[in-house]
2 protein chains.
Amino acid sequence: MKDTHHKKNEEYFIEKYLKPLSKKNESFPIPNGDDSSMINFNSLISVDSFVEGQHFPKDLGPFFIGYRSIAVAASDILAMGAKPEGCLLSITINKPSDEWFEEFSNGINEFLEQHKMSLLGGDITKGNLNIGVTVVGKINNKVLKRDGAKVNENIFISGTLGRGYLGRLEYKELDTKLNHFLMPKIPIHDIDKIREVASSCIDVSDGFLIDLKRILISSKVGADIFLNENFCTNGKEDLICGDDYVLCFTSNLDEKDLTKMLPDAHYVGKITKEQKLDVFDQKKNRLNFNKLGWDSFI
Amino acid sequence: MKDTHHKKNEEYFIEKYLKPLSKKNESFPIPNGDDSSMINFNSLISVDSFVEGQHFPKDLGPFFIGYRSIAVAASDILAMGAKPEGCLLSITINKPSDEWFEEFSNGINEFLEQHKMSLLGGDITKGNLNIGVTVVGKINNKVLKRDGAKVNENIFISGTLGRGYLGRLEYKELDTKLNHFLMPKIPIHDIDKIREVASSCIDVSDGFLIDLKRILISSKVGADIFLNENFCTNGKEDLICGDDYVLCFTSNLDEKDLTKMLPDAHYVGKITKEQKLDVFDQKKNRLNFNKLGWDSFI
């Protein structure tokens, strides 16, 4: 039997750079390498694609492409009130090299280690750089959906807005470890508490206003938002810039009780009956926005 | 609240063409549209990417791009001895249009309906055409892996080889419904029986010899293959052409008992102790191959 591993084909890169990231345990009883992976729990699942030039700049290092892709995809599992536990990668790349894969898999590994996640499988294909990430998480008695917001509930975000936007603008200057665009921080340590108190939840990826609007449409309610510099990094534009990966959730808890429980969280507004979304500054003036967030097609 | 649905953005195409394909049931209790999808069973999961120019020709119609992508991805779940039940799509496309999405979603729907599957979620991104498919299936007491083949067992394939190769060569001439490249037929009706009798299994996607070799490596055994025109469409090249999506499996059943149970299946050879792979023609001459199958990078 001929050994094809000296040729740098799909198997070569999978064996060398991806398989070492997989962990066999009770939840994932089959090690990476068969046709499918096995998940031994009732699960949440989400997919996301990351395209060069769209989701990250062309000159971004593979370490950050890897780290950022998993972080952003994992955020969708948090948004449903669960912890991400495993992921699969579908990598399309024109010229795979050891240098690229070493950096890339280091970035993936850094995120997986920090978040106690495992790589479950994947494939590698020739073509323009496109990172497809599938993330799974274990359901923990309650699932947070978008349709649970109720009139008079308070709206909270799990952290400040605009850090990803700042990181994207200054991604060459900022210390990479502090750059929320290159290495998004997702609120994994708060998720058990948020699941307890939230009636609806979404992650802020495309922009706070457009993502909040998705809750409002699903829940058939409206909202008044009270802009406050306490929860912004740059200014008013933080409401629509996206790349935040904080959670936006609704709860009947009042501001004081909630921030005692979740010190990083901020009160941002109130759910209203009329199905419209208004934003006010601290002087009670209504603010206007040309768009509510980011869409790759418009 | 402004309705952005008149703009043809990601949400427009998801709402109009993808959401109608999702079905809510006991296994998938949350309808398509939240951040993640919920799976209410212990599952197998697999991902695959399909790139224009690599996996399908540039001028292929969107109906077949859709049908073929799901079929090929679903084959990996069958290979583990389970039925595919749901899928998620991650579509990267430069210029989405209603025409494209209508044809594409019809192709997806045709496959999903035929195989009683549901669409669980997905995303759409701007970039060069790349269809990422995640498929999940329910585990049915036994999982077929690659490492279970034992010396002296027989090797079978669930159908004839070379039909996908012929369909790819003649994809403009052949009746599309009969074209195994455009609309691969996966052996979903045989899987319950195959699971019962097989000790190891893989789907033939890259080429019969390269895929069989993966079983041999995992199982630490070898094989003698006896080429026979009964299980070929074109000739010797069918052993390495790929695009077959039949299952290759090992079993201690003899040829007669197995083909009584699975009339479309063929005996193709025997598992041997020595870790090498030999192919013989009907005159017992050993055949040589320059390569064992397809790899997008070599």
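Residues numbered from 1 in each chain as written. Chains lettered and ligands numbered in written order. Predicted model: local features only at pLDDT ≥ 70, side-chain atom pairs only at ≥ 80, totals over all residues. Heavy atoms only, no water.

Per an unreviewed UniProt entry, chain A goes by Thiamine-monophosphate kinase and derives from SAR86 cluster bacterium. The UniProt entry for chain A carries this comment under Sequence similarities (unreviewed entry): "Belongs to the thiamine-monophosphate kinase family." Comment text from UniProt for chain A, heading Function (unreviewed entry), reads "Catalyzes the ATP-dependent phosphorylation of thiamine-monophosphate (TMP) to form thiamine-pyrophosphate (TPP), the active form of vitamin B1." (UniProt positions renumbered as here; feature names shortened; annotations may be inferred.)

Draft legend 1. Looking closely at the interface of chain B and chain A. Taken residue by residue, the interface counts 72 residues in chain B and 70 residues in chain A. Each partner contributes to the roughly 5600 Å² buried at the junction of chain B and chain A, and carbon and sulfur atoms together form 55% of this total. At the boundary of chain B and chain A, one finds 4 salt bridges. Arg146(B) is the partner of Asp35(A) in a salt bridge, and the nearest nitrogen-oxygen pair spans 3.1 Å. For the pair chain B and chain A, the interface holds 23 residue pairs in polar contact (both at pLDDT 80 or more). Per element, the largest residue contribution to the side of chain B that touches chain A is 8 residues, and it comes from strand β2 (residues 43-51) of chain B. Counted by class, the side of chain B that touches chain A contains 29 nonpolar, 24 polar and 19 charged residues. (Contact = heavy atoms within 4.5 Å. Buried area = accessible area lost by both parts, 1.4 Å probe. Salt bridge = Lys/Arg side-chain N within 4 Å of Asp/Glu carboxyl O. Polar contact = N/O pair within 3.5 Å; in protein donor to acceptor, adjacent residues only side chain to side chain. Helix = DSSP H or I, 4+ residues; strand = E, 2+ residues; numbered from the N terminus. Nonpolar A, V, L, I, M, F, W, Y, C, P; charged D, E, K, R; others polar.)

Draft legend 2. Broad picture of the pairing of strand β4 (residues 118-125) of chain A. Residues and elements named next belong to chain A. With 7 of 8 residues buried, β4 lies mostly within the body of the structure. Relative to β4, strand β3 (residues 84-92) is paired through 7 bridges, and the arrangement is parallel. Note that in β4 the partner of Ile91 across the bridge is Ile124. At this point the chain moves from β3, through helix α3 (residues 98-114), to the parallel β4, and the crossover so formed is right-handed. (Buried < 20%, exposed > 50% of the residue type's maximum accessible area, 1.4 Å probe, protein only. Pairing = 2+ DSSP bridges. Right-handed = clockwise from strand over helix to strand, strands pointing away.)

Draft legend 3. Structural detail: the UniProt feature "binding site: substrate" (unreviewed entry) in chain A. Per the UniProt entry, the sites bearing "binding site: substrate" (unreviewed entry) are His55(A), Asp243(A) and Trp294(A) in this numbering. These annotated residues cover 240 residues of sequence, and their C-alpha atoms lie no more than 11.0 Å from one another, placing them together at a single site. As for its placement among the helices and strands, His55(A) is situated in the loop between β2 (43-51) and α2 (62-78). Setting aside residues no more than four positions away along its own chain, His55(A) makes contact with Ser49(A), Phe50(A), Arg68(A), Phe181(A), Trp294(A) and Thr125(B). Summarising the element assignment, Asp243(A) is placed in the loop between β8 (222-226) and β9 (247-251). According to the relative accessible area criterion, Asp243(A) is buried, its value standing at 7%.

Draft legend 4. Just the nonpolar core, in detail. Judged by nonpolar contacts, the single largest core of 63 residues is most densely connected at Ile70(B), Leu89(B), Ile91(B), Ile131(B), Val133(B) and Phe249(B). Among the elements that make up this core, the one with the highest residue count is helix α2 (residues 62-78) of chain B (11 residues). A domain-level breakdown of this core finds at least three residues from each of domain 1 (10-138) and domain 2 (146-280) of chain B. The contacts of Ile131(B), once residues within four sequence positions are left out, are Asp48(B), Ser49(B), Phe50(B), Ile65(B), Ser69(B), Leu89(B), Ser90(B), Ile91(B), Trp100(B) and Phe104(B). If you look at the next biggest cluster of nonpolar residues, it comprises 62 residues, including Phe104(A), Val133(A), Ile194(A) and Phe249(A). (Core = buried A, V, L, I, M, F, W, Y, C linked by side-chain atoms within 4.5 Å. Domains from an automatic or database assignment.)

Draft legend 5. Highlighting the pattern of salt bridges. Tallying each qualifying case throughout the model produces 24 salt bridges over all chains. For Asp192(A), the salt bridge is made with Arg195(A), and the minimal N-O distance between the two is 3.0 Å. In this pair, Asp192(A) and Arg195(A) both sit in helix α5 (residues 191-197), 3 residues apart, roughly one turn of the helix. Note on Arg195(A): relative accessible area 9%, which makes it buried. The partner of Asp243(B) in a salt bridge is Arg168(B), with the nearest N and O atoms 2.7 Å apart. Of this pair, Asp243(B) sits in the loop between β8 (222-226) and β9 (247-251) while Arg168(B) is found in helix α4 (residues 163-169), placing the two residues 75 residues apart along the sequence. Exposure remark for Arg168(B): the relative accessible area of 29% places this residue in the partly exposed category. A single network of salt bridges, built from pairs that share partners, joins Asp34(A), Asp35(A) and Arg146(B).

Draft legend 6. Fine view of the sheet that holds strand β12 (residues 286-287) of chain A. Residues and elements named next belong to chain A. On the basis of which strands lie adjacent, the open sheet formed by 7 strands has the order β7-β9-β6-β10-β8-β11-β12 and mixed pairing. A strand with exactly one partner marks an edge of an open sheet, and here the two such strands are β7 (200-203) and β12. Pairing geometry for strand β6 (residues 154-157) and β9, over 4 bridges, is antiparallel. In the sheet register, Phe156 faces β9, and the bridge partner there is Phe249. With respect to the sheet, helix α6 (residues 208-219) is in contact with β6, β7, β8, β9, β10 (266-272) and β11 (277-280), its orientation differing from that of β7 by roughly 150°. (Axes fitted to C-alpha atoms, helices over the stretch in contact; angles between N-to-C directions.)

Draft legend 7. Fine view of the relation of the copies chain B and chain A. After a rotation of 180° and a shift along the axis of 0.0 Å, chain B superposes on chain A with an RMSD of 0.0 Å. With respect to symmetry, the two chain copies, as superposed, fit the operation of a two-fold axis. When C-alpha positions in chain B are compared against the rotation axis, the closest is assigned to Asn42(B), at 3.0 Å. Mapped onto chain A, 97% of the interface residues of chain B are again interface residues, and the two copies thus contact each other with one and the same surface. (Least-squares fit on C-alpha atoms with pLDDT ≥ 70 in both.)

Draft legend 8. Structural context of the UniProt feature "binding site: Mg(2+) 1" (unreviewed entry) in chain A. Within this numbering scheme, the UniProt entry marks Asp48(A) and Asp123(A) as carrying the feature "binding site: Mg(2+) 1" (unreviewed entry). For Asp48(A), a relative accessible area of 14% gives the class buried. Residues contacting Asp48(A), with those up to four places away along its chain left out, are Val72(A), Ala73(A), Asp76(A), Ile131(A), Gly132(A), Val133(A), Ser90(B) and Asp123(B). As for its position among the elements, Asp123(A) is in strand β4. The exposure class of Asp123(A) is buried, given its relative accessible area of 7%. The residues contacting Asp123(A), other than those within four sequence positions of it, are Glu10(A), Ile14(A), Leu89(A), Ser90(A), Ile91(A), Val47(B), Asp48(B) and Ser49(B).

Draft legend 9. View of the packing of aromatic side chains. Under the definition given, this model contains 21 aromatic pairs over all chains. Ring plane angle 80° and centroid distance 6.4 Å describe the contact between Phe101(A) and Phe104(A), whose orientation is recorded as edge-to-face. Of this pair, Phe101(A) and Phe104(A) both sit in helix α3, 3 residues apart, which is roughly one turn of the helix. The two residues Phe101(A) and Phe104(A) agree in class, both being buried. Look at Phe226(B) and Phe280(B): their rings are 6.1 Å apart centre to centre, the planes differ by 25°, and that puts the pair in the stacked class. Separated by 54 residues along the polypeptide, Phe226(B) in strand β8 and Phe280(B) in strand β11 (residues 277-280) bring together distant segments of the chain. Here Phe280(B) falls in the buried class, since its relative accessible area comes to 16%. (Phe/Tyr/Trp six-rings, centres within 6.5 Å; stacked < 30°, edge-to-face > 60°.)

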